[in-house]
Amino acid sequence: MPDTAAVRKAAGHFVGAVRAGGFRALWTAAVVSRLGDALRTPALALLAASVTRDPRAIAAVVVAGQLPPLLFGLLGGVYADRRDRRRTMATVDGVRAVLVAGFALLVITGEVGIVALVGCAFLLASLGVLFDAAAFAVLPGIVPAERLAVANGRLQAGTAVAGGFVGAPLAGVLFAVSAALPFAVDALTFAVAALLALTLRPTSLPTAPGGPPPVGPARQVVAVSTATSPSARQPGVGDLRRPAGPGAVRRAAGDGLRWIWQDATLRRITALTMVTNLATSGLIAIIVLYALEVLAVPAAGYGLFMSAAVLGALAGGLCAGRVAARLGVLPGLRWVLVAETLAVATLAVARHPVPGAVALTAFSAGTAIWNALWSAYGQRNVPAELLGRVGSAQRTVGLLAAPVGAIGAGVLGATAGLPSVPYAATGIFALVTMASWHSLRPRERAIVSA
């Protein structure tokens, strides 16, 4: 008779190998897709500038790409929780491939105007909302709970390299060869990502409000935190089997927000993220002027200076798993805020490109670690059937602060001088760090990283 323990061990290794392969496919799809985004975004801006010099029209293209996450973020989470997430990701990227390929043909024929640019940016961003919700929710079905921080960190690192070190520099080169070339390559990346998504393990979810509850791996919820979380059976939250009717989709869209509000720890993480986004978006809004006028970065060296942010994101993504393993997710988030506060303070007092670049690297690394850790916390402690809506709700709430921070930084920089912006950001981060020390107390055991 076969050794039962040996059979179980072999089965465990087989499942681990399948899961690892699934993550490699997901990681490759995310990196390839990010490469395409990094080619398309500057190409859209360059194309808009070649069509018109009206700043209002060019701004409309930018805004068209920023609105969908705010308009459809919650609805994207509902769809991601009611459909097979693997097929959702594949379908979305397949549609985006066709859309961008058609746009490339328009560019070749010279039939592109501002209306087409605005429409393309809006549609792609809208589809991206649905893809992001499904991708966030599909990860726990592919990666074991104790590896989620590592997996999220590697996703952060891979997309940072694809977008910053490869895509951004390559976009201008491809556009110089042909205005349609960046979009053609982008369409190819979407097609590849769609095929890779189909190789992921299916996650069965109810397809309608009257459908059966999720089964199989998608149903697994691993809660290692001792922080108080609301029950998955709490009335009015996460019930996909409620009768369909007027307002059913609206109620389902609000489930993510209700879950966040009722989970004290998740509510605090979301609130801290939103406030730090005020400061972060403000820094991003004025960083080019701050680098050129305050840090004395030569115009020719600005690209090299900003590569420090990409380097930081890469380092932070690779270190996220170690931070979670050594400190635990919640304590790790607190120490990340300490590091980011010190980094922003260094940027505020710096008056030379080198310390400014070092500060930018450290800040970007902290941001990548923060994103990986809060994602891992939600993916481990939110029921699988709610993950799409909760993740979308967190992103939507965080994005609400971005335009406020950018506008505030512009006004502050114009009235009080550019150095006042990082000083204000330092103050915000310091307050958030002190708040986190009280609200994110160590209540979970550290994650074991393989």
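Report follows, based on the coordinates. (Residues numbered from 1 in each chain as written. Predicted model: local features only at pLDDT ≥ 70, side-chain atom pairs only at ≥ 80, totals over all residues. Heavy atoms only, no water.)

**Details of the overall build of the protein**
Counted only if it meets this: Secondary structure counts use DSSP, requiring at least four H or I residues in a row for a helix and at least two E residues in a row for a strand, with both numbered from the N terminus. We call a residue buried when its accessible area falls under 20% of the maximum for its residue type, exposed when it is over 50%, and partly exposed in between, using a 1.4 Å probe and counting protein chains only. Here a residue-residue contact requires only that any non-hydrogen atoms of the pair lie within 4.5 Å.
Looking only at helices and strands, one finds 13 helices and zero strands in the protein. The helix and strand sequence of the protein, counted from the amino end, reads α-α-α-α-α-α-α-α-α-α-α-α-α. Burial statistics for the protein: of 450 residues in total, 49% are counted as buried. For the protein, contacts bridging at least 24 residues in sequence account for 87% of all contacts bridging at least 6.

**A closer look at the packing of aromatic side chains**
Inclusion rule: What counts as a ring pair is set by centres within 6.5 Å for rings of Phe, Tyr and Trp (its six-membered ring), and what kind of pair is set by the plane angle: stacked under 30 degrees, edge-to-face over 60, tilted for all other angles.
In this structure the tally under the stated criterion is five aromatic pairs. On the numbers, 6.0 Å between centres and 80 degrees between planes, the contact of Phe-72 with Phe-122 is edge-to-face. Placement of the pair is Phe-72 in helix H2 (residues 55-82) and Phe-122 in helix H4 (residues 114-138), with a sequence separation of 50 residues. With centroids separated by 5.0 Å and ring planes inclined at 70 degrees, the aromatic side chains of Phe-103 and Phe-183 adopt a geometry described as edge-to-face. Of this pair, Phe-103 sits in helix H3 (residues 85-109) while Phe-183 is found in helix H6 (residues 181-198), placing the two residues 80 residues apart along the sequence. What makes Phe-103 buried here is its relative accessible area of 4%.

**A look at unusual backbone geometry**
If you check the backbone angles, Ala-296 has positive phi at about 60 degrees while not being a glycine. Along the chain, Ala-296 falls in the loop between helix H8 (264-294) and helix H9 (302-327). Looking at Ala-296, the relative accessible area reads 51%, which means it is exposed.

**Here we look at H9**
What counts, and what does not: Each residue after the first adds 1.5 Å to the expected span of a helix.
Here H9 is 26 residues long and its end C-alpha atoms lie 36 Å apart, about the 38 Å a rise of 1.5 Å per residue gives. Of all the positions in H9, only Phe-305, Ala-308, Ala-309, Val-310, Gly-312, Ala-313, Gly-316, Gly-317, Ala-320, Gly-321, Val-323 and Ala-324 are classed as buried. Buried residues in H9 make contact with helix H5 (148-177), H8, helix H10 (329-349) and helix H11 (353-381). Gly-328 sits one or two residues past H9 and shows a positive phi near 95 degrees.

**Regarding a nonpolar patch on the surface**
So the rule is basically this: Only residues whose relative accessible area exceeds 30% and that form no salt bridge are eligible for patches; like-charged ones are grouped when within 9 Å, while nonpolar side chains (Val, Leu, Ile, Met, Phe, Trp, Tyr) are grouped when within 5 Å. For the accessible areas, the method is Shrake-Rupley and the probe is 1.4 Å, while residue cover comes only from the protein chains on display. For this document, the term salt bridge refers to a Lys or Arg side-chain nitrogen within 4 Å of an Asp or Glu carboxyl oxygen.
Together, Val-63, Leu-67, Leu-70, Leu-71, Leu-399 and Leu-400 make up an exposed nonpolar region whose accessible area comes to about 470 Å². At the level of elements, H2 and helix H12 (387-416) are the ones that each hand at least two residues to the nonpolar patch. The class of Leu-67 is partly exposed, set by a relative accessible area of 35%.

**Describing the environment of Leu-174**
Counting through the fold element by element, Leu-174 comes out in helix H5. For Leu-174, a relative accessible area of 14% corresponds to the buried category. Expressed as a C-alpha distance, the spacing of Leu-174 and Leu-39, which sit 135 residues apart in the sequence, is 8.4 Å.

**Some remarks on the pattern of salt bridges**
Under the criterion given, the structure shown has seven salt bridges. Put simply, Arg-85 and Asp-81 hold a salt bridge, and the shortest N to O gap is 2.7 Å. The partner of Arg-96 in a salt bridge is Asp-93, with the nearest N and O atoms 2.6 Å apart. Taken as a pair, Arg-96 and Asp-93 lie in helix H3 at a separation of three residues, close to a single helical turn. Exposure class is identical for Arg-96 and Asp-93. Each is buried. Through salt bridges that share partners, Asp-81, Arg-85, Asp-255, Arg-258 and Arg-389 make up one connected network.

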